[in-house]
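# Secondary and tertiary structure notes
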Amino acid sequence: MTFSQRHTNRLSPIELVRYDRQLPVFGVEGQAKLKETSVAVIGAGGLGSFELLYLAGLGVGKIVIVDGDTVEESNLNRQVLHWEEDIGKPKALSAAEKIRRFNPYIEVEAVPERLTERNAEEIIGRVDAVLDALDNWETRFLIDRVAYKLEKIFVHAGIYGLEGQVIPIVPGETSCLRCLLPPKLTSPPRFPAIAPTVGIIAGIAVIELIKILTGIGESNKGKMIVFDGYTMEIMRVDLKPRPNCVCIE
Amino acid sequence: MARVKIRFFATYRDLAGVREFEVEVPDNTTVLSLAKLLEEKFPKLKGRLIEGDKIREETKVLINGRNIEWLGKEDTKVNDGDIVAFFPPAAGGYRDHK
């Protein structure tokens, strides 16, 4: 049996049909690689909703959804996995329920807790990659510290109104996020957010992740991708790590 | 004189109340001098772009898409026709703070 035949066997006939339109992009081996991959999405709000849909659609084999909040009315303009009937439900459970229905051929785990110092190593330790779907820098830098230490891919994503940014971090190949950005960033108490921007930024983050995982295309690891919805420009900014970066031994 | 296009992103745009405009500056103006001029022009930006005599660490400045950290930092000179973008790292995407 050839290598590719063995890989074909890891995808069921129904999965080969389901992923038929993306097999020309990834190949059967790339699709099998996605199936073998586990990703934690930290935050099941706006960015999280779209990241989860895209990961599940792609057939990423295991998805862990981490969020300690419950669904509120003001989430419904952009957090597309949560609907009117979900108000009051834990976001991790509401999102997991939809994603399981969307793609029953993948494993979905809900963790209805906030990511903290206490649980970060345990959660991040059992996945291959982490996607940022957060609204605050404290938790982003916590993910960065733990993911870098455990050598897990971490894709940072953030939005502001019609703008957003993505930075893919690969331990050992790029500096950590704390070195590429200022160490003391604070989050504004409230910021504008609309679904189309969130969807675009989530899409960019997921594309960057799957490029790293499957080796297709040109990765922007260590760079900041800035999307400007006012002009429809996308910039790729070469970030300069701080000297004496904490992640360089 | 040099005519440069300024672009503000995210909170800078909110504070300045403008996204993009052109400004005329003397030849050999540095990014630091330009930022000072912008802080004077838009009082709500005061202290947001500059700290002491340096561009604030969280303020990313791009000249024609190139990060000034790879050029001459705040001493980088702006030239006629340059597009100078100022942006803070974006905020995030999920929780509604109360």
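Residues numbered from 1 in each chain as written. Chains lettered and ligands numbered in written order. Predicted model: local features only at pLDDT ≥ 70, side-chain atom pairs only at ≥ 80, totals over all residues. Heavy atoms only, no water.

Next up on the list: the overall build of chain B. Secondary structure assignment for chain B yields two helices and seven strands. Listing the helices and strands of chain B from first to last along the sequence gives β-α-β-α-β-β-β-β-β. A compact globule built from 98 residues should have a C-alpha radius of gyration of about 13 Å, and chain B, at 13 Å, falls within 12% of that. Considered along the principal axes of its C-alpha atoms, chain B spans approximately 45 × 25 × 25 Å. Split by element, the accessible area of chain B, about 4700 Å² in all, is 45% carbon and sulfur. (Helix = DSSP H or I, 4+ residues; strand = E, 2+ residues; numbered from the N terminus. Rg over C-alpha atoms; globule rule 2.2 N^0.38 Å. Areas by Shrake-Rupley, 256 points an atom, 1.4 Å probe, with all protein chains shown as cover.)

Checked against the element boundaries, Thr197 of chain A lands in helix 9 (residues 195–214). Look at Thr197 of chain A and you get buried, because its relative accessible area is 3%. (Buried < 20%, exposed > 50% of the residue type's maximum accessible area, 1.4 Å probe, protein only.)

With that settled, the discussion passes to the confidence of the model for chain B. Residue and element names in this part refer to chain B. Across chain B, the average pLDDT comes to 89, with 91% of residues at or above 70. Helix 1 (residues 10–16) is the least confidently modelled element of chain B, averaging 91 in pLDDT, while helix 2 (residues 31–41) averages 97, the highest of any element. Contacts from residues 92–98, a stretch scored under 50 in pLDDT, to residues over four places away or in other chains number 39 contacts. With a pTM of 0.91, the predicted complex shows an ipTM of 0.83. (pLDDT = per-residue confidence, 0-100. Contact = heavy atoms within 4.5 Å.)

Residue and element names in this part refer to chain A. With respect to burial, strand 5 (residues 153–160) is a largely interior element, eight of its eight residues being buried. Neither face of strand 5 is left uncovered, since the one carrying Ile153, Val155, Ala157 and Ile159 and the one carrying Phe154, His156, Gly158 and Tyr160 both have all their residues buried. Relative to strand 6 (residues 163–169), strand 5 runs antiparallel, the two being bridged by seven bridges. For Val155, the partnering residue across the bridge sits in strand 6 and is Pro168. The hairpin formed by strand 5 and strand 6 contains two residues between the paired strands, and Gly161 there has a positive phi angle of roughly 60°. (Pairing = 2+ DSSP bridges.)

Before going further, it helps to examine the nonpolar core. Ranked by internal contacts, the top residues of the largest apolar core, which has 47 residues, are Leu55, Ile63, Ile65, Leu131 and Leu209 of chain A. Per element, the largest residue contribution to this core is 10 residues, and it comes from helix 9 of chain A. Apart from the residues within four sequence positions on either side, Ile63 of chain A is in contact with Val39, Val41, Leu52, Leu55, Ala56, Ile106, Glu107, Val108 and Glu109 of chain A. In this structure, Ile124, Leu134 and Leu177 of chain A together with Leu62 of chain B belong to the second largest nonpolar core, which totals 39 residues. (Core = buried A, V, L, I, M, F, W, Y, C linked by side-chain atoms within 4.5 Å.)

Another aspect to go through is the environment of Ile14 of chain A. All names here are of chain A. With respect to the helices and strands, Ile14 occurs in helix 2 (residues 13–18). For Ile14, a relative accessible area of 45% gives the class partly exposed. Counting along the chain gives 91 residues from Ile14 to Tyr105, while the straight-line C-alpha distance between them is 9.3 Å.

This brings us to unusual backbone geometry. Residues and elements named next belong to chain A. The residue Met232 is not glycine, and still its phi comes out positive at about 65°. Turning to its location among the elements, Met232 is positioned in the loop between strand 7 (223–228) and strand 8 (233–238). The exposure class assigned to Met232 is exposed, which follows from its relative accessible area of 58%.

With that out of the way, let us pick up the interface of chain B and chain A. Taken together, the 27 residues of chain B in the interface contact 46 residues of chain A. Both faces combined, the contact of chain B with chain A buries some 3200 Å², and carbon together with sulfur accounts for 53% of it. Between chain B and chain A we count three salt bridges in total. Between Arg7 of chain B and Glu233 of chain A there is a salt bridge whose closest N-O contact spans 2.6 Å. Top contributing element to the side of chain B that touches chain A by residue count: helix 1 of chain B, with four residues. (Buried area = accessible area lost by both parts, 1.4 Å probe. Salt bridge = Lys/Arg side-chain N within 4 Å of Asp/Glu carboxyl O.)

Turning our attention to the pairing of strand 6 of chain A. Residues and elements named next belong to chain A. Most of strand 6 is tucked away: seven of the seven residues are buried. Of the two faces of strand 6, the one holding Glu163, Gln165, Ile167 and Ile169 and the one holding Gly164, Val166 and Pro168 are both buried throughout. Bridge count between strand 6 and strand 7: four bridges; the pairing is antiparallel. Each bridged residue has a counterpart across the sheet, and for Glu163 the counterpart in strand 7 is Asp228.

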